[in-house]
Amino acid sequence: MKHNEFYLSAEIKYNCVDVVKMWGTDFELKVYSLTDTDYQVAENCIEMYGESKPDLYAFEVSLDDGISYDYMNDAIHWYASHIGKSDMIILRTDPRGDIMEDTLPNTGN
């Protein structure tokens with residue numbers, strides 16, 4: 001992966017933190033903060049998640065773009081490095097489920 005393949009879009013037309021684009025393609029990776037918003041997965045999208053304590057992120061791409069899945073992992077790594085969080089762990093499942101399970105009351109059963 002070349003670091004100059006990706007860039008942040010200056011035009012944010014979605015309700016997200018950032019949009020990562022790839023030069024010469026229609027690829028768009030939408031970045032959401034799970035720490036600050038109640039993110040819900042959109043229809044017809046694939047998502048991955050990122051954890052860099054104390055922050056949690058959701059990353060989303062449209063399924064209609066055939067190249068999206070191929071570039072998604074590289075774009076997430078680029079974004080993590082770009083925002084100074086190269087220690088970010090990339091996850092396939094929503095990490096908020098683990099947080100919610102940890103906060104459930106113990107019923108003693």
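Data block above holds the structure.
Sequence order as written defines the numbering, with residues in each chain counted from 1. Only residues with pLDDT of 70 or above have their local features reported here, since the model is predicted, and side-chain atom pairs are shown and tallied only from 80 upward, although totals for entire chains, interfaces and linings are computed over all residues. Values reported for side chains reflect all heavy atoms of the structure, with hydrogen atoms and water molecules removed beforehand.

**Q** Just to check I follow, could you spell out the overall build of the protein for this structure?
**A** Per the convention used, a helix needs a DSSP run of H or I reaching at least four residues, while a strand needs a run of E reaching at least two, with both numbered from the N terminus. When its secondary structure is counted, the protein shows two helices and six strands. Seen in sequence order, the protein has helices and strands lined up from the N terminus as β-β-β-β-β-α-β-α. Burial classes follow relative accessibility: with a 1.4 Å probe on protein chains only, a residue under 20% of its type's maximum area counts as buried, one over 50% as exposed, and anything between as partly exposed. Within the protein, buried positions represent 38% of all 109 residues. For every accessible area listed, the method is Shrake-Rupley and the probe measures 1.4 Å; residues are considered covered only by the protein chains on display. Accessible area of the protein: about 7000 Å², with a carbon and sulfur share of 48%.

**Q** Just checking my understanding: could you explain the pairing of strand β4 (residues 45-52) for this structure?
**A** Residues in a regular strand point their side chains to alternate faces of the sheet. Most of β4 is tucked away: seven of the eight residues are buried. Any two strands are treated as partners once DSSP identifies two or more bridges connecting them. Judged from the eight bridges that link them, β4 and strand β5 (residues 55-62) form a sheet pairing that is antiparallel. Pairing of E51 across the sheet is with L56, part of β5. By the bridge criterion, three bridges tie β4 to strand β6 (residues 89-91) in an arrangement that is antiparallel. Looking across to β6, one finds that E51 is bridged to I89.

**Q** Can you help me understand unusual backbone geometry in this one?
**A** A negative phi angle is the norm for most residues apart from glycine, just as the trans form is the norm for most peptide bonds. Put simply, K53 and P54 share a cis peptide bond, and its omega is 5°. Within the secondary structure layout, P54 lies in the loop between β4 and β5.

**Q** How should I be thinking about the sheet that holds strand β1 (residues 6-8) in this particular structure?
**A** Whether parallel or antiparallel, the strands of a sheet pair through hydrogen bonds between backbone atoms. Ordered in space as β1-β2-β3-β5-β4-β6, the six strands form an open sheet in which the pairing is antiparallel. Edge positions in the sheet fall to β1 and β6, since each has one partner strand and no second. Pairwise comparison of adjacent strand axes, ignoring direction, gives a mean angle of 25° for this sheet. When strand β2 (residues 18-22) meets strand β3 (residues 28-33), the two strands line up antiparallel, connected through four bridges. Bridge assignment links D18 to a residue of β3, and that residue is V31. Axis definition: a line fit to C-alpha positions, over the contact stretch in the case of helices; interaxial angles, taken between N-to-C directions, run 0 to 180 degrees.

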